[in-house]
Structures are given as structure tokens and as C-alpha cells.
Amino acid sequence: MTSDKTATSENSASGETPPHKEPSMGPACLVVTILALAGSVAVCGLGSWLVFRDQPALAMKAIQKQLIPWVEGSQLSPNDKQSIVEQLDGLVVEIELGKINKQQLSRLHNCLQDNPVILWGGIQSIENQAAAAGLTETEIESLKRTNQRLLRMATERKMGRTDLEYTIQQLSKVNKQGDTLEVNSDLTGEQIQIYMKRAETLLTRSKIANEPYEKTPAEAFGILLKAALEVPK
């Protein structure tokens, strides 16, 4: 403990800036709890690709056999599901045709493995339940703005999957497959308020402006894919 404090003091004295960490993480104890509940397999289930992520055949198999079925069974709205699946199908074609090199494949793996946007069905569920849970029109508008800011945070790679899981943890249960959290269908106003407070903590930490961000989850997913593939071939 003493050595840590000394190191911190030396860094401060020398004017060094601590290395930037991306994406941010929720409190460690809560993250451990979430991961223990959800199991060791990541939400998109890219287990084999995680080990051999530079192999196109395994990448295609992981997307077709694991990620696409996961998206289709998620809480995402029908339109977002369809669009994201189409984007993934297009990705498989590009991989098969050899249009994606090893560097891009590695970046793509990271993008899909730690992608909060494919969990956005939970956020949509919260928003859809707000009126029935007793929130006022003003509170609902505040909730929508909070969700827009979170989506901006995700597309700017300032949010990881565990961050989003942290915000919805107390409103959710582990799904039947045991690989992710699923928002409950009987939310109370108090639970939604808890979610909003947790979300605001993340937004404040990352200094996300209180401005509209009128993108759909599918559009945000496309932005992240494009960013992952924008490397020299």
C-alpha cells in the first residue's frame, strides 16, 4: 500500500498523466458479481474466435452460429434486430471474400466481444415500461435523453459491455442461457430511477454532453463496425 502511494506521489510530482483506460469500468466488485452470474462466456459467445481470432473461418462461424442467433433472441426491437443481423451477414460475406485483413479481424473481434449496443434491447425495455411504471412525462423525457447520451457514449467507445450491465443490474435477471442480463418486464418507477442515477454516474464520469443523440441502436452498431474496420489494408 505504501509503495502505491509513493508511486502516485512521484507521478503527481513529475506531472505525468496516468494512462487513459478505455472503455471505463463499473466498480470492480459489481463487475465481478455480474460476470459470475452471467458466466465466463462473453455476451456474444465468441469463444473459439477469442483464442484463434485471426482465422477467418472461425470468425465467420462465430458470427453465424453464435452472435446472430444471440441478437435474434435478444430484447432489441424487431427493426434493430433485422438491421444488425443484416450488417453481420454483410460482414460474413466480406470476411469470406478476403476483404478483411488480420489487423481488421482482430479489431473486429474486440468490437463485437465488448459491444454494449447489442444489449440495447434492455434499455429499450426500460423506456417502453416507463409510463406504466408511473413516471411523469417530464421524467420520461429525461429518461429518453439519458438513454440517448448513453448511446453516444457507446459509439464513442467510452462505454464497455460491463458498464451497461452495471447500470441495469438491479432491474435484471440472468437469461435462460446464462450468458447475459435481461431486463425484467415488471419494472417499478423506483427501479427506473435507480437505473437513471447509475447511468448519470457513467455519463458524468465521461463528460458526455446533455444533448440529443438521435441514432438507433442499429445505426450505432454500424458506426462501431465502421470504426473497427478503418485500418490500413
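Our structure's up above, just so we're on the same page.
Residues numbered from 1 in each chain as written. Predicted model: local features only at pLDDT ≥ 70, side-chain atom pairs only at ≥ 80, totals over all residues. Heavy atoms only, no water.

1. Here we look at the overall build of the chain
Phase 1 of the analysis: Of regular secondary structure, the chain possesses eleven helices and two strands.
Phase 2 of the analysis: What you see in the chain, going N to C, is helices and strands ordered as α-α-α-α-α-α-α-α-α-β-β-α-α.
Phase 3 of the analysis: Counting every position in the chain, which comprises 233 residues, the buried fraction comes to 45%.
Phase 4 of the analysis: Entry remark: accessible area of the chain is about 12,400 Å², with carbon and sulfur atoms responsible for 52%. (Helix = DSSP H or I, 4+ residues; strand = E, 2+ residues; numbered from the N terminus. Buried < 20%, exposed > 50% of the residue type's maximum accessible area, 1.4 Å probe, protein only. Areas by Shrake-Rupley, 256 points an atom, 1.4 Å probe, with all protein chains shown as cover.)

2. With respect to the environment of Pro-217
Phase 1 of the analysis: Its place among the elements puts Pro-217 in helix 11 (residues 217-229).
Phase 2 of the analysis: Here Pro-217 falls in the buried class, since its relative accessible area comes to 7%.
Phase 3 of the analysis: In this structure the C-alpha to C-alpha distance between Pro-217 and Pro-116, which are 101 residues apart in sequence, comes to 9.7 Å.
Phase 4 of the analysis: Sequence-distant contacts of Pro-217, that is, excluding residues within four places in its chain, are made with Leu-76, Asp-80, Val-117, Trp-120, Gln-124 and Leu-151. (Contact = heavy atoms within 4.5 Å.)

3. Quick notes on the packing of helix 4 (residues 56-72) against helix 5 (residues 78-96)
For any two helices packed against each other, one specifies the inter-axial angle together with the distance between the axes.
Phase 1 of the analysis: For the pair helix 4 and helix 5, interaxial distance at closest approach is 10 Å and the crossing angle is 170°. Taken as axis vectors, helix 4 and helix 5 run roughly antiparallel relative to one another. Residue-level contacts link Pro-56, Ala-59, Met-60, Ile-63, Gln-64, Leu-67, Ile-68, Val-71 and Glu-72 of helix 4 to Lys-81, Ile-84, Val-85, Leu-88, Asp-89, Leu-91, Val-92, Ile-95 and Glu-96 of helix 5.
Phase 2 of the analysis: In the contact of helix 4 with helix 5, the residues fall into 13 nonpolar, one polar and four charged. (Axes fitted to C-alpha atoms, helices over the stretch in contact; angles between N-to-C directions. Parallel < 35°, antiparallel > 145°, perpendicular 65-115°, else oblique. Nonpolar A, V, L, I, M, F, W, Y, C, P; charged D, E, K, R; others polar.)

4. Observations regarding the packing of helix 9 (residues 161-168) against helix 10 (residues 189-205)
Phase 1 of the analysis: One way to put it is that helix 9 packs onto helix 10 with a least axis distance of 8 Å and a crossing angle of 150°. With respect to each other, helix 9 and helix 10 are oriented roughly antiparallel. Along the contact surface, helix 9 presents Asp-163, Tyr-166, Thr-167 and Ile-168, while helix 10 presents Tyr-195, Arg-198, Ala-199 and Leu-202.
Phase 2 of the analysis: The residue inventory of the contact of helix 9 with helix 10, partitioned by class, reads five nonpolar, one polar and two charged.

5. Some words on the side chain of Asn-184
Phase 1 of the analysis: Here Asn-184 is to be found in the loop between strand 2 (181-183) and helix 10.
Phase 2 of the analysis: Its relative accessible area of 17% is what places Asn-184 among the buried residues.
Phase 3 of the analysis: If near-sequence neighbours (up to four positions away) are discounted, Asn-184 is found in contact with Ser-125, Gln-129, Leu-171, Ser-172 and Lys-173.

6. As for unusual backbone geometry
What is expected of a backbone is that most residues other than glycine have negative phi and most peptide bonds are trans.
Phase 1 of the analysis: Its identity is not glycine, yet Arg-157 carries a phi of approximately 60°, on the positive side.
Phase 2 of the analysis: Residue class for Arg-157 comes out partly exposed when judged on its relative accessible area of 23%.

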